[in-house]
Amino acid sequence: MSRETLINIALAAILLAVPIWAHFADEPFIITLSTKVAILALAGVGLNLALGLGGLVSFGHAAYFGIGGYAMGILASHAQDYTPFMEWPFVIEGTNQMPIIWLVAVVMSGLAALAIGALSLRTSGIFFIMITLAFGQMFYYFAISWTAYGGEDGVSIYVRNEFPGLNTLDAIQFFALAFTALMLALIFSSRIAKSRFGLALTAARQAEQRVETVGIKPFQLRLTVFVISGMITGLAGALMADLNRFVSPVMLSWQTSGEIMIFVILGGVARLFGPVAGAAMFILMEHILGGFSEFWHGWLGLVLLLIVLFARGGLIGVLAGKEKADG
Amino acid sequence: MKLKTLALAASATLMAAGPAFAAGHAIKVGMITTLSGSAAGLGAEIRDGFQLALDQAGSDAIELIVKDDARKPDVAVSVADEMIQSDKVDIMTGIIWSNLLLAVAPNAVRQGTFYLSPNAGPSALAGKGCHENYFNVSWQNDMLPEASGEYANTAGYKNVFLMAPNYPAGKDMVAGFQRTFKGESAAVVFTKLGQKDYAAEIAQIRASGADAVYYFLPGGMGIAFGKQFAQSGVDTPRFGPVFSFDQTILPAVGDSAIGIHNTTQWSNGLNNAANKKFVEGYQAAYGRLPSFYASQAYDTANLILGALKTAKPADKDAFREALRAANFDSVRGDFSFGNNHHPIHDIYVQKVVKRDDGTLTNEVVAKVVDDMVDSHAANCKM
Amino acid sequence: MSTVLILEQALNGLQFGVMLFMMSAGLTLVFGVMGLINLAHGSLYMIGAFAAAVVATWTGSFMLGLIASLAAAAAMGALIELVVIRRLYDRDHLDQVLATFALILILSEGTRYTFGSLPLYLNTPGWLSGVFDFGGGLVYPKYRLAIIFVGLIIAAGLFLLIAKTRLGIRIRAGESDREMIAALGVDISKLYTIIFALGASLAGLAGAMVGVLESVEVGMGEPVLILAFVVIVIGGIGSIKGALIGSLLVGMTDTMGRVLLPPLFSQFMPPVDAVPVASALASMSIYILMAIVLIVRPAGLFGGAK
């Protein structure tokens, strides 16, 4: 077992143990924070597929995060008001069932990623970064002006949605859902990395022309991984909306895209557990630094800067050294 | 017999008063407000107004916890979770913006926490979505623009240029005005929320030939527009709800604002004892004139202090009744709660003046509406 | 819609575009020559504005405030180049994004610590107050005319600098072949510091001039930064000409979109629906423009075959 695998197992164990301890110690807020770490890490796992495996620096993943969020907000608000989502040509009712909401979130964000990816993948480098940003901003401004669902005010849901057999209002049970989703996504993404598809992507990232000469079309590979990446981030968005029982255009803003990217880079690009380490570190710093200084963002910046300058490969890179679990 | 009754009454009084003095721990009030970014000044007004009421009462019955929301709904939600789950606050208050309020209040009140809004009154929480633990101590969003419509009718405006940011509160402010205004709208312009440059809109106003400009641009937006309008050479009269012309805006826009009429439920010159104590105390404590934000936060704190005289938040039903009774002296004069826990109060029109010492402030001109009830109260089943 | 109104709006678009150009020029040079994505460029805009606010309030002189903004932003630019940025030139874009994002946090919070959270407001200097009358009903604020004037002078100056001076030759050489100019014995690290400080000073000046119109506050640079990125991507990265054309395009599109779309939509929709929809589309317009440009020309309008 490599050192990185050990670290990964330890990370997963800590993320599971802390909220269980908090549950028995009656510290519900710590469970909420742990749930947030799991969900943000899930969004990062999504982005990491595009960023780490595909080499696609997307600065617009907030779009999928927000679409997932709005899928929850829209369906649940209709269920809350007992009004149908649409009546023509056929009736679609709202719902408060998480599995259905998740399915819609994943499909919708996948479709958006397909359209955006198909157009954006014609460019590369900084132009790709910027065109994904542009599409993200379009969704952001669209949501702001979409008054049917609150515009800038967003949509607030009074009671968390339901999952068959669980009481989602109980913090620890909702955490269990988020944690399971994160673990499944991690397993899925490590499978992808090791599959022929993943190997071809890695090859296309490192030597595009060589891949083309053996008859593989990098465009299709990249589009596929971009869509999968968007779907996972979309699922995270739906969970995040349910954690907050609230969704607003902020989820679609470029700052959100930047934050998801920070989790990934902080933890280690292309490292399987990079986003988990990154999200945990971010939330931890927010609450530790926020406790003793009003200007904690500045200290956060300093820590980030030191990590980039002197700890290349992110947290996992520092802890596990250069080898990669998936390489 | 008489003696016995007296003794019983006395012991009942003692028992009622007992917890208030005996139980050592104060009740916790969590305040989430905007203390950073371009609107940081508004949060400071809310915080200072609330604190002044506590200081004047000299009571340690309330432990106040203040946190910044940076005007971001996701931050507000996260802070609210922390206050409810970790600090275990009894009452929450402080939010300035409708969108943040809608993210926090519906969840908070359903977890059994009381929420008292010192600013922002979205219609979603006044009508069908009203809740027994939610109290609005400021106004329902539609009230001041509706009163502005009445003012425009009496001022004789026939053709008015309307402008507000493109978000729900902005649209409410336009719709509320149009509900009561009998003249024409020369144009309706929705600007980007947080917009700082209004050159394009000012050019449209110049070209529109309107009698007057009605606008809702709170905080930094109002300052930027006011300064640029003054430099544009356009002399169309301006008016609207107080948000674009209040004490946080006037010092920055300067003399060009003199004479502007605006509608409000409170003004620093309102003649009542509570208001005198507030305005003088505020100036002494902070060295500046209070804004309406501060007046609303001051009222909120006094509402809580008044209710605490008869009940504790631990007994939710009793405390709710005590809040509903609104047993305090409001700085705006008459104050009572309607069926939807929103204020019933008078609305005034005031105008910007320059005092002898050079300070710009607002002065009441006339009362526009007596005992105004908001137009969503009828939809609230409570 | 009258001709006078359209002319006034065109001036507004021009003024906005010129301001964007001052902001984008440095960004595009730094990317073109050093290959660096600098998210902290918006913080330099903010620092310029704060320096101008402090000095102008202290001395009472607007011109001294502008000079202070140039000096402060250039000094801060040189400082962060020496301490942080030069370690990032051979890193990939991702590290650059994260490190310069960290710089935004540090510089914003540092400014907030120094000046507090409340916005500062500046007054237009007396000699630039009021409007200039072009005749025929067209009047325009003098201060905005001054911004257009300053911006155009800077644009001309930059073209001259790059076309005619020794520094310009080195900048052009640096854009086309980085190793080569080092081999020719040019002190490359000094050149980089100079370019970075030059770009920073222009951003600082833009911040100071806009600060007078709007307000001076922490976080004022980030919205402009995003627009500046849109500009340099549309224009083609590294090209000053592209930055100028891109700035004017974005400035005009944004202003004209806000003005023309609502009446256009009202032609075929009831005004109640038309106005919000058109306003929303107007705020999306520059991003739509950018997406279209990139789909048609993936390296921007004046992007070289790099």
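Residues numbered from 1 in each chain as written. Chains lettered and ligands numbered in written order. Predicted model: local features only at pLDDT ≥ 70, side-chain atom pairs only at ≥ 80, totals over all residues. Heavy atoms only, no water.

Caption draft 1: Looking closely at the overall build of chain B. Scanning chain B from terminus to terminus reveals 12 helices and 13 strands. In terms of overall size, chain B behaves like a compact globule, its C-alpha atoms giving a radius of gyration of 21 Å where 382 residues would be expected to give roughly 21 Å. Its C-alpha atoms put chain B at 80 × 40 × 40 Å along the principal axes. A total of 382 residues make up chain B; the buried ones form 63% of that total. Expressed as a percentage of contacts within chain B between residues at least 6 apart in sequence, the contacts between residues at least 24 apart total 70%. Surface summary for chain B: the accessible area is close to 13500 Å², and the carbon and sulfur share equals 53%. (Helix = DSSP H or I, 4+ residues; strand = E, 2+ residues; numbered from the N terminus. Rg over C-alpha atoms; globule rule 2.2 N^0.38 Å. Buried < 20%, exposed > 50% of the residue type's maximum accessible area, 1.4 Å probe, protein only. Contact = heavy atoms within 4.5 Å. Areas by Shrake-Rupley, 256 points an atom, 1.4 Å probe, with all protein chains shown as cover.)

Caption draft 2: Structural context of the layout of surface pockets. Estimated volume of the second largest pocket: approximately 1100 Å³. Leu51, Gly55 and Arg205 of chain A together with Asp92 and Leu94 of chain C are, among the 42 residues lining the second largest pocket, the residues nearest its centre. Elements represented by at least two residues in the lining of the second largest pocket include exactly α2 (28-53), α5 (126-145), α7 (196-206), α8 (208-213), α9 (218-244), α12 (296-310) and α13 (314-320) of chain A together with α4 (93-115) of chain C. Looking at the lining of the second largest pocket, the element that brings in the most residues is α4 of chain C, giving four residues. The residue inventory of the lining of the second largest pocket, partitioned by class, reads 18 nonpolar, 12 polar and 12 charged. (1 Å grid on protein atoms, 1.4 Å probe; cavity = no way out; pocket = protein on both sides within 12 Å on 5 of 7 lines; lining within 4 Å. Points joined across faces, edges and corners; volume = space filled by probe spheres on them. Nonpolar A, V, L, I, M, F, W, Y, C, P; charged D, E, K, R; others polar.)

Caption draft 3: Looking closely at helix α1 (residues 3-34) of chain C. Residue and element names in this part refer to chain C. Over its 32 residues, α1 runs 45 Å from end to end, which matches the ideal 46 Å to within 8%, given 1.5 Å per residue. Remark: the principal bend of α1, roughly 30°, maps to serine 24. With 26 of 32 residues buried, α1 lies mostly within the body of the structure. Glycine 35 occupies a position one or two residues after α1 and carries a positive phi of about 70°. (Expected span 1.5 Å × (residues − 1). Bend = angle between axes of the 7 residues up to and from the residue.)

Caption draft 4: Geometry of the sheet that holds strand β1 (residues 27-33) of chain B. Residue and element names in this part refer to chain B. Strand order in the open sheet made by the five strands is β2-β1-β3-β4-β5, with parallel pairing throughout. Of all strands in the sheet, those bounded by a partner on one side alone are β2 (62-68) and β5 (134-136). Neighbour-to-neighbour, the strand axes of the sheet open up by a mean angle of 20°, direction not taken into account. Across three bridges, the pairing between β1 and strand β3 (residues 91-93) is parallel. The residue of β3 that forms the bridge with glycine 30 is methionine 92. (Pairing = 2+ DSSP bridges. Axes fitted to C-alpha atoms, helices over the stretch in contact; angles between N-to-C directions.)

Caption draft 5: Molecular detail of the packing of aromatic side chains. Counting across every chain of the model gives 39 aromatic pairs over all chains. A centroid spacing of 6.0 Å and a plane angle of 75° characterise the contact between phenylalanine 128 of chain A and phenylalanine 226 of chain A, whose relative ring orientation is edge-to-face. Pair noted here: phenylalanine 128 of chain A is in helix α5 and phenylalanine 226 of chain A is in helix α9, with a separation of 98 residues, a long-range link. An identical accessibility class is assigned to phenylalanine 128 of chain A and phenylalanine 226 of chain A; each is buried. Residues phenylalanine 225 of chain B and phenylalanine 229 of chain B carry aromatic rings whose centres are separated by 5.5 Å and whose planes lie at 35° to one another, so their mutual orientation is tilted. Of the two residues, phenylalanine 225 of chain B and phenylalanine 229 of chain B are both situated in helix α8 (residues 220-230); the distance of four residues between them amounts to about one turn of the helix. A relative accessible area of 0% places phenylalanine 225 of chain B in the buried class. Phenylalanine 229 of chain B gets classed as buried once you look at its relative accessible area, which sits at 3%. Pairwise contacts between aromatic rings join Tyr151, Tyr157, Phe177, Phe181, Tyr214 and Phe239 of chain B into one cluster. The ring of tryptophan 97 of chain B has arginine 71 of chain B sitting right over it, with the charged end atom 4.0 Å from the ring centre. The ring of phenylalanine 190 of chain B carries lysine 171 of chain B above its face, with NZ or CZ at 6.0 Å from the centroid. (Phe/Tyr/Trp six-rings, centres within 6.5 Å; stacked < 30°, edge-to-face > 60°. Lys NZ or Arg CZ within 6 Å of the ring centre and 35° of its normal.)

Caption draft 6: Inspection of the pairing of strand β6 (residues 159-165) of chain B at higher detail. Residue and element names in this part refer to chain B. For β6, the buried fraction is high: six of the seven residues fall into the buried class. Examined bridge by bridge, β6 and strand β7 (residues 184-191) share seven bridges and lie parallel to one another. Within the sheet, the bridge partner assigned to valine 160 lies in β7 and is serine 185. Regarding topology, helix α6 (residues 168-180) serves as the crossover connection from β6 to the parallel β7, and that connection is right-handed. With four bridges connecting them, β6 and strand β8 (residues 212-215) associate as parallel partners. From the neighbouring strand, valine 160 faces β8, where its bridge partner is alanine 212. (Right-handed = clockwise from strand over helix to strand, strands pointing away.)

Caption draft 7: Main features of the nonpolar core. Leu42, Leu182, Met261 and Leu304 of chain A together with Met34, Tyr45 and Tyr287 of chain C are the most contacted members of the largest nonpolar core, which has 214 residues in total. Residue contributions to this core peak at 16 residues, all from α2 of chain A. The residues contacting leucine 304 of chain A, other than those within four sequence positions of it, are Ile262 and Leu266 of chain A together with Leu98, Phe101, Ala102 and Leu105 of chain C. In terms of nonpolar packing, the next biggest core, distinct from the first, is built from 96 residues, Ile62, Met83, Ile95 and Leu100 of chain B among them. (Core = buried A, V, L, I, M, F, W, Y, C linked by side-chain atoms within 4.5 Å.)

Caption draft 8: Spatial organisation of the pairing of strand β10 (residues 261-264) of chain B. Residue and element names in this part refer to chain B. Alternating positions in β10 separate into two faces, His261 and Thr263 on one and Asn262 and Thr264 on the other, with burial throughout. Across three bridges, the pairing between strand β9 (residues 238-241) and β10 is parallel. Across the sheet, residue phenylalanine 239 finds its bridge partner in β10, namely histidine 261.

Caption draft 9: Examining the interface of chain A and chain C more closely. Facing 37 residues of chain A, the contacting portion of chain C comprises 38 residues. Summing both sides of the interface, chain A and chain C together bury roughly 3700 Å²; the carbon and sulfur share of this comes to 83%. In this structure, the connection of chain A to chain C is made through zero salt bridges. Counting every contact that joins chain A to chain C gives four residue pairs in polar contact (both at pLDDT 80 or more). At the level of secondary structure, the elements contributing two or more residues to the side of chain A that touches chain C comprise α5, α10 (254-267) and α12 of chain A. Element by element, the count of residues in the side of chain A that touches chain C is highest for α5 of chain A, at 13 residues. Each residue belonging to the side of chain A that touches chain C can be placed in one class, and the counts come to 28 nonpolar, six polar and three charged. (Buried area = accessible area lost by both parts, 1.4 Å probe. Salt bridge = Lys/Arg side-chain N within 4 Å of Asp/Glu carboxyl O. Polar contact = N/O pair within 3.5 Å; in protein donor to acceptor, adjacent residues only side chain to side chain.)

Caption draft 10: Focus on the pattern of salt bridges. Residues and elements named next belong to chain C. Enumeration over the complete set of coordinates arrives at 24 salt bridges over all chains. The partner of arginine 112 in a salt bridge is glutamate 109, and the shortest N-O contact between them spans 3.1 Å. Taken as a pair, arginine 112 and glutamate 109 lie in helix α4 at a separation of three residues, close to a single helical turn. The same class applies to arginine 112 as to glutamate 109, namely buried. The closest approach of N and O atoms between aspartate 254 and arginine 258, which form a salt bridge, is 3.6 Å.

Caption draft 11: Inspection of the state of the cysteines at higher detail. Residues and elements named next belong to chain B. A full pass over the atoms with the stated rule returns one disulfide over all chains. Covalently, cysteine 130 is tied to cysteine 380 through a disulfide, its sulfur atoms 2.0 Å apart. The chirality of the disulfide connecting cysteine 130 with cysteine 380 is right-handed, given an S-S dihedral of about 85°. Separated by 250 residues along the polypeptide, cysteine 130 in the loop between β4 (114-117) and β5 and cysteine 380 in the segment after β13 (360-372) bring together distant segments of the chain. In terms of burial, cysteine 130 and cysteine 380 fall into one category: buried. (Disulfide = S-S within 2.5 Å.)

Caption draft 12: Inspection of empty space enclosed by the protein at higher detail. All names here are of chain B. One pass over the full model with this rule turns up nine cavities of 30 Å³ or more. Computed from the structure, the largest cavity encloses a volume of approximately 140 Å³. Taken together, 15 residues line the largest cavity, and the ones lying closest to its centre are Ile96, Asn119, Trp139, Tyr167 and Phe216. In terms of residue class, the lining of the largest cavity is built from 12 nonpolar, three polar and no charged.

Caption draft 13: Geometry of the domain arrangement of chain B. Residue and element names in this part refer to chain B. In terms of domains, chain B is made up of domain 1 (2-139 + 270-341) and domain 2 (146-264 + 347-379). Here the C-alpha centre of domain 2 lies 29 Å away from the C-alpha centre of domain 1. With 21 residues of domain 1 at the contact, the number on the domain 2 side is 21 residues. When the area that domain 1 buries against domain 2 is broken down by residue, the three leading residues are Leu270, Leu289 and Phe292, summing to 29%. (Domains from an automatic or database assignment.)

Caption draft 14: Local environment of the side chain of glutamine 137 of chain A. Among the secondary structure elements, glutamine 137 of chain A is positioned in helix α5. Take glutamine 137 of chain A: its relative accessible area is 4%, and that puts it in the buried class. Ignoring sequence-local partners within four residues, the contact set of glutamine 137 of chain A consists of Trp254 of chain A together with Ile226 and Tyr287 of chain C.

Caption draft 15: The environment of alanine 204 of chain A, seen in detail. Residue and element names in this part refer to chain A. Turning to its location among the elements, alanine 204 is positioned in helix α7. A C-alpha to C-alpha distance of 9.1 Å links alanine 204 and glycine 55, two positions 149 residues apart in sequence. In this structure, alanine 204 is in contact with Val211, Pro218, Leu221 and Arg222, ignoring residues within four places of it in sequence.

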